[in-house]
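# Overview (structure and organization)
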Amino acid sequence: MTGASGASVAGSPLPKWQLALVVAAPVALGLGYIYFKNSKPSSKPSRGKSKNNLKKNGTTCADKQISIDTENPPKSTDDAETPLEKAQKLKNLGNEQFKIGKYDEAISYYNSAIETCPQENSEAIATFYQNRAAAYEQLKKYSSVKADCTKALELNPRYAKALLRRARAMEYSNELEPALEDVTAACILENFSNQTAMMMADRVLKQLGRQHATEYLAKKKLIMPSKYFIKTYIITFHKDPVFSMLQDTDYSDISPGFAKALQYIKEQKYEDIIPICTEEINSSDPNTLPHKMKVLLLRATFYMLLGQHDASIEDFGTIINNESVSKDIKVNALIKRATLFMQLENPDKSFCDFETAAGLDPECGDVYHHRGHVNLIMEKIDEAREDFRKAVEFNPDFGVGYVQKCYADYRYGIVERSKEVIEEAMKNFEAAFEKFPNCSECYTLYAQMLTELQEYQKADTYFAKAIEKDPINATVYVHRGLLQLQWHGNVEKAIEYINKALEMDDKCEYGYETLGTIEVQRGNVEEAIKLFDKALTLGRTAMELTHIFSLRNAAKTRLTIKERLGSDVMLNFQNI
């Protein structure tokens, strides 16, 4: 959805300053960023690269690179071989067998090394256990892997390789919470320099977030979005056959029930829309029949906004599969179902519905406007630009559509590193201020671009203008708060703006999750978790909830790691 949710920037890479907010819990928005920050620049990966190297539970072939340990302590100057040296020799023989794929033989040598080594040489014994775990891993004996890594960690609690190997065994066993704790600890101990560990942590975090989201959705109490969100959503449809009726004042030609539903929308009594529509649909009043599909479309729309996805899809399907339904109603149903499919992470069905809608009405700007957003989410910048171009062509007086086209052009310029395209996009934005002087979206998106270009003073000016044009838009306050962090590092000012956003819209999910992320950085992890919990109550899709749970799980893991590794390690972590 667009507008109030801040989705206008969907598909854009998160600015480094925003990612920097979660350095205190870097897994929250992608551990890969920390690796990138600590690495030399590399060339772009090929777009056509195969994704078929995934193994069970999403682990990749690259994860094999957790090596066995080969280092030996200095040899004794005495002629007689010490028990430790004999144990090291046995380990080396085991390593030789490991390297040629003879894992059972390697295990036998590691057994002998463990038995031979004096107990006071705890770090050496930990190495033998870790190497034996590596051999067990090759044999897919994951219980033995976990047991040996646990023994190694009892002897050396900060043994990163053992943590990482045990984490991977736990991932294979679907023990995701302890796996996340282990791999995060390994990342911290290695100062986020191990790409394999970084990518694994990110993967486990997403898997755990998805698992928690699925469990949460099954029992979640559904909450209608804020009034501002719904109002903004409504205006993104220029040719909506129901919402266009809100301009009317005379409803004498429709049934009283349908007229009442429209009046409820005007009065922002959104919680009452679904019950009145259901009553109207089930009515035997003959006056209901001519408008039944419009009422059904309205109910489907509010089912979607509420998060009752199955009911919404059923109602949309009834409309789409009815051959007698008018073209405008069917096209609108297809567009909305397409956006819902995208929220449900089914892009194939989403694009199929958009294609059908465009085929039915190739001059409907709404099709291209909403498909443009989906293409941005999918990072299909070329396709997004073309969609927004058509949206503007067929609806030239729609300010939001115009600036979305400018924004897509800007994103294209960033991706292609074209200064000319970026400058042209900026000029078109400035033209938008003349053409649509009261469109707050123009000022908001322009300010976001200026922020990315590090023109902070100017960006703040345009966020202020956006607030002037639309003083009850909570999302703009959140954006302006984040700007204060990037610009001045002013945490207090940022929190002030975000709290202002939450005062005016207590259903601003973006505000809660952003404030929670800041609190993690400040070390107020318990408070951050409470804020993430508030955001969870407002999430409506598995995609949204997975993201919020990822933030929450990262914060929770931070608390656990602090207890395990100690405050000294965590202090170093915060200084990375």
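Residues numbered from 1 in each chain as written. Predicted model: local features only at pLDDT ≥ 70, side-chain atom pairs only at ≥ 80, totals over all residues. Heavy atoms only, no water.

If you tally the helices and strands in the protein, you get 28 helices and 0 strands. Across the 576 residues in the protein, those meeting the buried criterion constitute 55%. Long-range pairs, those at least 24 residues apart, make up 60% of the contacts in the protein between residues at least 6 apart in sequence. On the protein, roughly 26400 Å² of surface is accessible, and the fraction owed to carbon and sulfur atoms is 48%. (Helix = DSSP H or I, 4+ residues; strand = E, 2+ residues; numbered from the N terminus. Buried < 20%, exposed > 50% of the residue type's maximum accessible area, 1.4 Å probe, protein only. Contact = heavy atoms within 4.5 Å. Areas by Shrake-Rupley, 256 points an atom, 1.4 Å probe, with all protein chains shown as cover.)

Along an α-helix, a turn takes 3.6 residues, which lines up residues three or four apart on a common side. Look at helix α18 (residues 381–394): 20 Å from first C-alpha to last across 14 residues, which is about the 20 Å you get at 1.5 Å a residue. Of all the residues in α18, the buried ones are Ile381, Ala384, Asp387, Phe388, Ala391 and Val392. The buried residues of α18 occupy one face: seen down the axis, they fall within an arc of 135 degrees. Along its buried surface, α18 packs onto α17 (365–377) and α19 (399–416). (Expected span 1.5 Å × (residues − 1). Arc of directions from axis to C-beta.)

Attention now moves to the pattern of salt bridges. Per the stated rule, a full pass over the model turns up 29 salt bridges. The partner of glutamate 137 in a salt bridge is arginine 168, and the shortest N-O contact between them spans 2.5 Å. Of this pair, glutamate 137 sits in helix α5 (residues 122–138) while arginine 168 sits in helix α7 (residues 160–172); the two residues are 31 residues apart in sequence, bridging distant segments of the chain. Note on accessibility: glutamate 137 and arginine 168 belong to one class, buried. Residue glutamate 267 is joined to lysine 269 by a salt bridge in which the shortest nitrogen-to-oxygen separation is 3.1 Å. The partly exposed category is assigned to glutamate 267, whose relative accessible area is 37%. Taking relative accessible area as the criterion, lysine 269 reaches 38% and is therefore assigned partly exposed. Several salt bridges converge on common partners, so that one network encompasses Arg166, Glu181, Asp182 and Arg564. (Salt bridge = Lys/Arg side-chain N within 4 Å of Asp/Glu carboxyl O.)

Counted under the stated rule, the structure contains 14 aromatic pairs. With a centroid separation of 4.7 Å and 10 degrees between ring planes, the pair formed by tyrosine 142 and tyrosine 172 is classed as stacked. Of this pair, tyrosine 142 sits in helix α6 (residues 142–155) while tyrosine 172 sits in helix α7, and the two are 30 residues apart along the sequence. For the pair tyrosine 142 and tyrosine 172, one class covers both residues: buried. Look at phenylalanine 433 and tyrosine 446: their rings are 5.1 Å apart centre to centre, the planes differ by 80 degrees, and that puts the pair in the edge-to-face class. Residue phenylalanine 433 is found in helix α20 (residues 419–435), and its partner tyrosine 446 is found in helix α21 (residues 440–452); the two are separated by 13 residues along the sequence. Judged by relative accessible area, phenylalanine 433 falls into the buried class, the value being 12%. A relative accessible area of 1% means that tyrosine 446 is categorised as buried. Feature note: the residues Phe429, Phe433, Tyr443, Tyr446 and Tyr462 constitute an aromatic cluster, connected by ring pairs. The positively charged end of arginine 385 is found above the aromatic ring belonging to tyrosine 412, 4.1 Å away from the centroid. Above the plane of the ring of tyrosine 462 lies lysine 465, whose end atom (NZ or CZ) is 4.6 Å from the centre. (Phe/Tyr/Trp six-rings, centres within 6.5 Å; stacked < 30°, edge-to-face > 60°. Lys NZ or Arg CZ within 6 Å of the ring centre and 35° of its normal.)

Glancing now at α5. Given a rise of 1.5 Å per residue, 17 residues ought to cover 24 Å, and the 25 Å separating the end C-alpha atoms of α5 matches this to within 8%. A large share of α5 lies buried, amounting to 14 of its 17 residues. Two residues or fewer past α5, lysine 140 is found with a positive phi of approximately 60 degrees.

Turning next to the UniProt feature "repeat: TPR" (unreviewed entry) in the protein. According to UniProt, the "repeat: TPR" (unreviewed entry) feature falls on residues 87–120, 365–398, 440–473 and 509–542. When the span residues 440–473 is considered, its composition is 79% helix and 0% strand, and the gap between its end C-alpha atoms is 9 Å. In the segment residues 509–542, helix accounts for 85% and strand for 0%; the C-alpha atoms at its two ends are 14 Å apart. (UniProt positions renumbered as here; feature names shortened; annotations may be inferred.)

Here we come to the nonpolar core. If you look at the biggest cluster of nonpolar residues, it comprises 67 residues, and the most contacted ones within it are Phe429, Cys442 and Tyr446. In terms of residues, this core owes the most to one element, helix α26 (residues 525–538), which gives 8 residues. When neighbours within four sequence positions are excluded, phenylalanine 429 is seen to be in contact with Val403, Cys406, Tyr407, Cys442, Leu445, Tyr446 and Met449. Judged by nonpolar contacts, the second largest core, of 56 residues, contains Leu298, Tyr303, Leu305 and Met342. (Core = buried A, V, L, I, M, F, W, Y, C linked by side-chain atoms within 4.5 Å.)

This part takes up the confidence of the model for the protein. Per-residue confidence for the protein gives a mean pLDDT of 86; residues scoring 70 or more make up 85%. The low-confidence segment residues 1–63, where pLDDT is below 50, has 126 contacts with residues more than four positions distant or belonging to other chains. (pLDDT = per-residue confidence, 0-100.)

A few words on the side chain of threonine 301. Checked against the element boundaries, threonine 301 lands in helix α13 (residues 292–306). The exposure class assigned to threonine 301 is buried, which follows from its relative accessible area of 0%. With sequence-adjacent residues up to four places away left out, threonine 301 is seen in contact with Tyr233, Phe243, Phe316 and Lys336.

Turning our eyes to something else, we now look at unusual backbone geometry. Phi angles above zero are rare outside glycine, and asparagine 174 is one such case at about 65 degrees. Along the chain, the position of asparagine 174 falls in the loop between α7 and α8 (176–189). The partly exposed category is assigned to asparagine 174, whose relative accessible area is 45%. In this structure, asparagine 191 takes a positive phi of about 55 degrees despite not being glycine.

What follows covers the side chain of threonine 546. Along the chain, threonine 546 falls in helix α27 (residues 542–565). A polar side-chain atom of threonine 546 sits 2.7 Å from the main-chain carbonyl oxygen of alanine 542. (Polar contact = N/O pair within 3.5 Å; in protein donor to acceptor, adjacent residues only side chain to side chain.)

Relative to each other, helix α11 (residues 256–266) and α13 sit at 35 degrees, their axes nearing to 11 Å. As for how α11 packs across α13, the hand of that crossing is left-handed. Contacts between α11 and α13 involve Phe258, Ala261 and Ile265 on the former and, on the latter, Lys294, Val295, Leu298 and Phe302. Along the lines of polarity and charge, the residues of the contact of α11 with α13 split into 6 nonpolar, no polar and 1 charged. (Axes fitted to C-alpha atoms, helices over the stretch in contact; angles between N-to-C directions. Left-handed = near helix turned anticlockwise from the far one by under 90°. Nonpolar A, V, L, I, M, F, W, Y, C, P; charged D, E, K, R; others polar.)

Now for the packing of helix α9 (residues 195–219) against α27. It is the contact of α9 with α27, at a shortest axis distance of 7 Å, that shows an interaxial angle of 120 degrees. Taken together, the axis directions place α9 and α27 in an arrangement best described as oblique. Considering only the axes of α9 and α27, their crossing is right-handed. Residues Leu205, Lys206, Leu208, Gly209, Arg210, His212, Ala213, Tyr216 and Leu217 of α9 pack against Ala542, Leu545, Thr546, Phe549, Ser550, Asn553 and Ala554 of α27. (Parallel < 35°, antiparallel > 145°, perpendicular 65-115°, else oblique.)

With that settled, consider the environment of isoleucine 234. Inspection of the secondary structure puts isoleucine 234 in helix α10 (residues 227–235). Here the alpha-carbon distance between isoleucine 234 and isoleucine 265, two residues 31 residues apart in the chain, equals 10.0 Å. Dropping the residues within four chain positions of it, isoleucine 234 is found in contact with Phe243, Leu246 and Ile265.

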